[in-house]
Amino acid sequence: MTLRRLRPVLRPGTAVAALVAAGVLATSTLVATSTAAGDEPAPHGAAGIGDAYFPLDGNGGIDVRSYDVHDRYRFGERRLSGWTVVRLTATQDLSGFDLDFLLPVSSVEVDGRRARFDQDRYHELSVDTRLDAGQTARVLVRYSGLPERYSYTGESNWLASRHEVVAMNQPHMAPWWFPANDHPLDKADITVSITVPRSDRVISNGREVRRVVDGRLATTTWHADEPMVPYLAFFAAGQYAVARGRSDGTPWLVAVSKALPTASQPEAMRLMKRTPELLQWLESVIGPYPFSVTGGLTTSLQPGFALENQTRPTYPFMGEGRGAVDTVVHELAHQWFGDSVAVEKWTDIWLNEGFASFFEAYYDETHGGQSGDAWLRDHYARIGADDDFWHHEVADPCPSHEGCVSDIFASWVYERGAMALQALRNVVDDDPVFFELVSRWAADRAGGNGSTAQFQALAEEVTGLDLDGFFDAWVHSTTKPADTAANGLG
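Residues numbered from 1 in each chain as written. Predicted model: local features only at pLDDT ≥ 70, side-chain atom pairs only at ≥ 80, totals over all residues. Heavy atoms only, no water.

**Student:** How should a positive patch on the surface be read in this particular structure?
**Tutor:** On the surface, a cluster of positive charge is contributed by Arg-198, Arg-201, Arg-211, Arg-244 and Lys-258. Within the element layout of this structure, Arg-244 appears in strand 15 (residues 240-247). (Patch = residues over 30% accessible without salt bridge, like charges linked within 9 Å, V, L, I, M, F, W, Y side chains within 5 Å. Areas by Shrake-Rupley, 256 points an atom, 1.4 Å probe, with all protein chains shown as cover. Salt bridge = Lys/Arg side-chain N within 4 Å of Asp/Glu carboxyl O. Lys, Arg positive; Asp, Glu negative; His and termini not counted. Charge placed at Lys NZ, Arg CZ, Asp CG, Glu CD. Helix = DSSP H or I, 4+ residues; strand = E, 2+ residues; numbered from the N terminus.)

Pasting the structure below:
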């Protein structure tokens with residue numbers, strides 16, 4: 001990510017200030033570590049990137065370029081240990097910076113030199129090191145701990161049994177297994193190397209690069225060709241059946257846990273093998289798939305949800321009926337809406353979930369089900385004006401800034417987001433124009449981020465309509481939209 005410009009934030013008690021107070025540095029030395037103005041010491045980067053829903057998510061003053069993760073997982077002890085190299089660039093003069101991480105850290109090196117660090121603030125790994133604006137650094141962090149013992153913002157996200165582990169969750173997952181600048185605004189390249197018993201397989205994002213066996217252990221390395229948001233990185237380890245192939249030039253790999261009941265495994269594999277077909281259908285509507293590989297994984301661990309990990313979504317066992325197919329469509333649609341085009345802030349989550357849910361309804365429309373318009377009108381008629389469903393602002397689902405994890409993934413975010421898009425389709429009343437908007441949004445912001453305001457601006461540009469009233473009614477209001485043509489309902 002290269003679009004962030006963060007205001008410097010001076011944190012009390014920076015490393016330089018502490019050394020001066022202790023008499024270790026003289027005033028003349030402090031001047032040497034000052035900003036260009038020569039008056040103030042360089043600040044420690046802010047502990048958050050500026051997202052009100054999750055104030056400690058992300059970090060100020062840095063732009064991560066890549067992660068090289070090397071973890072070992074011990075199933076019996078449930079212990080994860082390892083090291084990660086974070087390559088980052090300072091976006092301002094700094095006396096230090098934070099990374100988001102939960103496990104205990106044993107050492108930090110910056111460009112080969114040991115650096116002072118602390119984890120005094122929960123979730124924050126604070127590193128003291130001087131960086132000039134524009135300087136790129138190699139940060140090596142070593143750690144070990146029991147991920148299941150840690151929680152953050154009410155989330156206890158570690159998912160593991162004695163025989164299988166899957167690192168998957170949203171909006172946070174990285175801090176349980178590698179240090180990160182954990183916010184959608186900072187995408188980075190990622191390489192994942194996981195060491196487990198040689199009898200197990202490891203699946204992750206992107207392509208498998210190599211597998212090295214050393215005695216009873218094996219280390220498998222995966223690399224994703226395109227930068228990604230930290231929470232979209234994942235790994236799974238255990239006993240898996242794997243199938244692979246190529247569809248329209250795109251390699252695919254799917255996996256199914258052998259810990260599922262024997263009778264369920266073929267059913268799960270048949271569903272996973274529909275991934276290329278469903279992806280081709282989405283490409284026919286949205287435009288070119290934004291990544292170089294695709295796939296999916298079904299776990300036996302029953303997380304209670306599916307997740308759009310970049311290039312390889314993860315699923316619970318779902319059977320292979322229409323609902324299961326719709327879920328695969330949903331997660332594959334996220335590859336464009338949520339993965340390639342990430343939210344600018346978590347207030348914009350409806351753009352991820354609304355688009356993915358809209359494509360569930362549109363898939364049904366084009367495969368023998370009810371039309372999107374009928375789906376919209378059924379939902380609208382069924383849910384009364386007094387229902388809590390309508391009493392939230394879709395474009396700001398957590399105005400209290402407390403308990404936001406449950407709010408941003410409330411059912412009304414998904415359903416009202418999808419309803420808003422179908423209603424917009426009705427207002428435009430011209431499918432080629434509406435789907436041009438959809439394709440433009442995915443293409444123009446590919447690899448970046450998007451907000452509600454930016455989507456509205458593009459919608460008005462493509463359609464030539466004034467949509468202030470429409471967006472006010474559907475995503476900014478806390479009341480049921482009026483049944484009018486202007487709202488796509490009349």
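**Student:** What should I look at first to understand the packing of helix 7 (residues 372-382) against helix 9 (residues 411-428) in this one?
**Tutor:** Angle between the axes and distance between the axes: these two values describe a pair of packed helices. Two elements in contact, helix 7 and helix 9, have axes separated by 10 Å at closest approach and are oriented at 130°. Taken together, helix 7 and helix 9 sit at an angle that is classed as oblique. Between helix 7 and helix 9 lies a crossing of left-handed hand. Counting all contacts with helix 7, which are made through Gly-372, Asp-373, Trp-375, Leu-376, Arg-377, His-379 and Tyr-380, the residues of helix 9 involved are Glu-415, Ala-418, Met-419, Gln-422, Ala-423, Arg-425 and Asn-426. Of the residues assigned to the contact of helix 7 with helix 9, the class counts are six nonpolar, four polar and four charged. (Axes fitted to C-alpha atoms, helices over the stretch in contact; angles between N-to-C directions. Parallel < 35°, antiparallel > 145°, perpendicular 65-115°, else oblique. Left-handed = near helix turned anticlockwise from the far one by under 90°. Contact = heavy atoms within 4.5 Å. Nonpolar A, V, L, I, M, F, W, Y, C, P; charged D, E, K, R; others polar.)

**Student:** Hey, could you run me through the sheet that holds strand 7 (residues 124-131) in this one?
**Tutor:** On the basis of which strands lie adjacent, the open sheet formed by three strands has the order 3-7-6 and antiparallel pairing. The sheet is open, and its two borders are formed by strand 3 (94-100) and strand 6 (116-118), each paired with just one other strand. Taking each pair of neighbouring strands and ignoring which way they run, the sheet shows an average axis angle of 25°. Across three bridges, the pairing between strand 6 and strand 7 is antiparallel. Residue pairing across strands places Asp-118 opposite Ser-126, the latter belonging to strand 7. (Pairing = 2+ DSSP bridges.)

**Student:** Looking at this model, I keep getting lost on the state of the cysteines. Mind explaining?
**Tutor:** By definition, a disulfide links the sulfur atoms of two cysteines through a covalent bond. According to the stated counting rule, one finds one disulfide in the structure shown. Residue Cys-398 pairs covalently with Cys-404 via a disulfide, S to S 2.1 Å. Because the sign of the S-S torsion sets the handedness, a value of about -80° for the bond joining Cys-398 and Cys-404 places this disulfide among the left-handed ones. Relative accessible area serves as the criterion here: at 0%, Cys-398 is assigned to the buried category. The exposure class of Cys-404 is buried, given its relative accessible area of 3%. (Disulfide = S-S within 2.5 Å. Buried < 20%, exposed > 50% of the residue type's maximum accessible area, 1.4 Å probe, protein only.)

**Student:** Help me understand the nonpolar core in this model?
**Tutor:** As a rule of thumb, nonpolar side chains are buried together in soluble globular proteins. Counting 146 residues, the largest nonpolar core has Trp-177, Trp-350 and Phe-359 as its most contacted members. Looking at this core element by element, the count peaks at 10 residues for helix 6 (residues 349-366). Beyond its immediate sequence surroundings of up to four residues, Trp-177 is in contact with Val-69, Asp-71, Leu-80, Phe-101, Tyr-143, Trp-158, Ala-167, Val-192, Ile-194, Ala-233, Phe-234 and Phe-235. (Core = buried A, V, L, I, M, F, W, Y, C linked by side-chain atoms within 4.5 Å.)

**Student:** Which parts of the structure should I look at to understand helix 7?
**Tutor:** Since one α-helical turn is 3.6 residues long, residues separated by three or four positions face the same way. Gly-372, Trp-375, Leu-376, His-379 and Tyr-380 are the residues of helix 7 that are buried. When helix 7 is viewed along its axis, its buried side chains cluster within an angular range of 130° and face the same direction. Of the exposed residues in helix 7, those oriented more than 90 degrees away from the buried face are Ala-381 and Arg-382. Elements that come into contact with the buried residues of helix 7 comprise helix 6, helix 9 and helix 12 (468-476). (Arc of directions from axis to C-beta.)

**Student:** How do you make sense of the pairing of strand 1 (residues 62-74) when you look at a structure like this?
**Tutor:** Pairing between strand 1 and strand 2 (residues 79-90): 12 bridges, direction antiparallel. Residue pairing in the sheet places Val-64 in a bridge with Leu-88 of strand 2. The antiparallel pairing of strand 1 with strand 2 creates a hairpin that spans four residues between the two strands, and Arg-78 there sits at a positive phi of about 60°. As judged from the seven bridges shared by strand 1 and strand 10 (residues 189-197), these two strands associate in the parallel manner. Following the sheet pairing, His-70 is matched in strand 10 by Ser-193.

**Student:** Would you mind going over the packing of helix 9 against helix 12 with me for this structure?
**Tutor:** Closest axis-to-axis distance for the helix 9/helix 12 pair is 10 Å, and the angle between their directions is 160°. Considering the angle they form, helix 9 stands roughly antiparallel to helix 12. The handedness of the crossing between helix 9 and helix 12 is right-handed. Within the contact between the two elements, helix 9 uses Arg-416, Met-419, Ala-420, Ala-423, Leu-424 and Val-427 and helix 12 uses Phe-470, Trp-474 and Val-475. In terms of residue class, the contact of helix 9 with helix 12 is built from eight nonpolar, no polar and one charged.

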